[in-house]
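Coordinates in review
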Amino acid sequence: MRISTAVIWLLFPAANVAARKPDWVSYDGYKVFRLAVGEQVGKVSGIVDRLGLATWKSAPRANAMADIVVPPHLLDVFLSEIEGMQAITMHEDLGASIAKESNFNVYAAGSANSSWFSSFHPYKDHVQFLQDLAVQYPLNTEIVTSGTSLQGNNITGIHIFGSSGKGIKPAVVFHGTVHACEWIANMVVEYFAYNLLTNYNSSSEIKGFVEKYDFYMFPVTNPDGFLYSQTTDRMWRKNRQSTSGSRCVGHDINRNWPFKWSVPGGASTDPCASNYRGIAESDTPEVTALASWLKGIKATQGLKLYIDYHSYSQLFMTPYGYSCSAVAVKNAELQSLAKGVAAAVRAVHGTVFDYGPICTTIYQATGSSVDYVNDVVGSDYTFTSELRDTGHYGFVLPADQILPSGEEAFAGVRYLLLNMK
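Structural notes, computed from the coordinates.

Definitions and cut-offs
- Residues numbered from 1 in each chain as written.
- Predicted model: local features only at pLDDT ≥ 70, side-chain atom pairs only at ≥ 80, totals over all residues.
- Heavy atoms only, no water.
- Helix = DSSP H or I, 4+ residues; strand = E, 2+ residues; numbered from the N terminus.
- Polar contact = N/O pair within 3.5 Å; in protein donor to acceptor, adjacent residues only side chain to side chain.
- Contact = heavy atoms within 4.5 Å.
- Buried < 20%, exposed > 50% of the residue type's maximum accessible area, 1.4 Å probe, protein only.
- Core = buried A, V, L, I, M, F, W, Y, C linked by side-chain atoms within 4.5 Å.
- 1 Å grid on protein atoms, 1.4 Å probe; cavity = no way out; pocket = protein on both sides within 12 Å on 5 of 7 lines; lining within 4 Å.
- Points joined across faces, edges and corners; volume = space filled by probe spheres on them.
- Phe/Tyr/Trp six-rings, centres within 6.5 Å; stacked < 30°, edge-to-face > 60°.
- Disulfide = S-S within 2.5 Å.
- Axes fitted to C-alpha atoms, helices over the stretch in contact; angles between N-to-C directions.
- Left-handed = near helix turned anticlockwise from the far one by under 90°.
- Nonpolar A, V, L, I, M, F, W, Y, C, P; charged D, E, K, R; others polar.
- Pairing = 2+ DSSP bridges.

**Structural notes on the side chain of Ser369**
Looking at the element boundaries, Ser369 is found in helix H11 (residues 369–377). A distance of 2.9 Å separates a polar atom in the side chain of Ser369 from a polar atom in the side chain of Asp308. If we skip the residues at most four places from it in the chain, Ser369 touches Asn254, Trp257, Tyr306 and Asp308.

Right, here's the structure in full:
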């Protein structure tokens, strides 16, 4: 699967760029190509391996698209290698696209409003935005944490509850940005929180949702990695955990959950790989904390719905990731709901989402949160979503797609809240 007191939004062009470290990884002049693999998996994999290229959507697969990042000094040889194959250019200059995306609107702490969704933001402002929502809506919110990261950052969320008080109704839990480079995911989860709170008093439907469930929104579940993606390497995916005996840093948090972790084929055992599963299941402090917190919520309130938001590919998926033949107990109902979500999403802006089990819809993924929450924690309904887009911009999505991404994703959530049993 593979981002209160009074708030003043400045209406002139964005000027708040995240503080970059001296070792900032430059992608200036890099191009990103979308290559039609067809039946030439061996050829494409060979090109990627031989040239040491990064891919954005896992290893090349038959009859799929491979999104490949090419540095300027390898451009000529890459183009020579793929001559005769179908390819489009996603980013003419990835560095320029990143620079445009990272021109954040200035956010002055105080009160949150809809202008938040016109720009991406530095991590500290995400935390402030949640705190501002909690101050604005003190009768229906509290700031919560589901543990701390390796580097001691809180995994911060907002808890939204109805008039009967907190911690009473079944829980709905949303996670975002477990993969650090997936910036749109945190903005969409924050849109959910904003939409519920700002419409609680004016919409009987929204109020009904909040009165029926306790919502727990965690926009950034990998704070260390997200910070690193803003200060050092925009395309960073993993956490910042070291591995003994390796120079490479980072474990993929979403390949580290303690369920079917050791099944072969769904994660890498190479510490340098972007989907490195770790030395042992749940050896990342983030997974240990998140798993413990989810079990506690299940025991005290019950867990009605869990969704883990990612980007990109425009998919809404069900268990399982670890196996393409295993079938979830409630599979027929899950597929029916996922189909309804895809239709609800499309009705908003015409955006087409595919749906189905993770393994057969996108790829095999072992040690994932969805499989763990479904089978170990025991959520009534468990899904994951890959947000916009399908490969025009990929991870570096223009800011003008934040709001429509939130609107259509919430339409999918609304469908679930209206149709779950």
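Next, the rest of the story.
**What about unusual backbone geometry?**
It is generally the case that most residues other than glycine have a negative phi and that most peptide bonds are trans. Note that the residue after Ser311, namely Tyr312, is joined by a cis bond; omega there is 5 degrees. Within the secondary structure, Tyr312 sits in the loop between strand E11 (303–311) and strand E12 (315–318). Across the junction of Arg388 and Asp389, the peptide omega takes the value -5 degrees, indicating a cis bond. Counting through the fold element by element, Asp389 comes out in the loop between strand E14 (381–387) and helix H12 (402–419). A positive phi is found at Thr177, a non-glycine position, where the angle reads about 50 degrees. Along the chain, the position of Thr177 falls in the loop between strand E9 (171–176) and helix H5 (183–198). With a phi angle near 60 degrees, Ser282 is a residue other than glycine that sits in the positive phi range. Considering the arrangement of structural elements, one finds Ser282 in the loop between helix H7 (223–231) and helix H8 (285–300). Overall, Ser282 belongs to the partly exposed group, its relative accessible area being 23%.

**Structural notes on the nonpolar core**
By size, the foremost hydrophobic cluster in this structure holds 90 residues, and its most contacted members are Phe174, Phe192, Phe215, Met217 and Leu305. The element contributing the most residues to this core is H5, with twelve residues. Beyond its immediate sequence surroundings of up to four residues, Phe215 is in contact with Ile158, His159, Ile160, Val172, Phe174, Leu196, Phe209, Val210 and Leu417. Core analysis: the next-biggest nonpolar cluster, separate from the first, contains 16 residues, Val37, Val48, Ala66 and Leu74 among them.

**Observations concerning the layout of surface pockets**
Looking at the second largest pocket, its volume works out to about 290 Å³. Surrounding the second largest pocket, 16 residues form its lining, Lys100, Glu101, Leu397, Pro398 and Ala399 being those nearest its centre. The element best represented in the lining of the second largest pocket is helix H3 (residues 94–101), accounting for three residues.

**Regarding the packing of aromatic side chains**
For the coordinates displayed, the defined rule picks out 27 aromatic pairs. A ring pair is formed by Tyr213 and Phe215, whose centres lie 6.3 Å apart and whose planes are at 85 degrees; its orientation type is edge-to-face. Judged on exposure class, the residue Tyr213 and its partner Phe215 are both buried. The interplanar angle of 80 degrees and the centroid separation of 5.0 Å between the aromatic rings of Phe218 and Trp293 together place this pair among those described as edge-to-face. Taken as a pair, Phe218 in strand E10 (residues 214–218) and Trp293 in helix H8 lie far apart in primary sequence, 75 residues in all. Just as Phe218 is buried, Trp293 falls in that class too.

**What to know about the state of the cysteines**
Inspection of every chain in the model, using the stated rule, returns two disulfides. One disulfide in the model links Cys248 with Cys272; its S-S distance is 1.9 Å. Measuring handedness by torsion sign, the sulfur bridge of Cys248 and Cys272 sits at about 80 degrees and is right-handed. Of this pair, Cys248 sits in the loop between H7 and H8 while Cys272 sits in the loop between H7 and H8, and the two are 24 residues apart along the sequence. Taking relative accessible area as the criterion, Cys248 reaches 11% and is therefore assigned buried. For the protein, numbering the cysteines in disulfides from first to last along the sequence yields the connectivity 1-2, 3-4.

**Things to note about the packing of helix H6 (residues 204–212) against H12**
For the pair H6 and H12, the least separation of the axes is 11 Å and the interaxial angle reads 65 degrees. Here H6 runs over H12; the crossing is left-handed. Of the residues in H12, those touching H6 at Glu205, Ile206 and Phe209 are Phe410, Arg414, Leu417 and Leu418. Across the contact of H6 with H12, the residue classes tally to five nonpolar, no polar and two charged.

**Digging into the sheet that holds strand E3 (residues 54–55)**
Spatially, E3-E4-E2-E5 is the arrangement adopted by the four strands of the open sheet, whose pairing is antiparallel. Unpaired on one side and paired on the other, E3 and strand E5 (87–91) mark the two borders of the sheet. Alignment of strand E2 (residues 31–36) against strand E4 (residues 65–70), held across six bridges, turns out to be antiparallel. When the bridges of E4 are listed, Ala36 appears paired with Met65.

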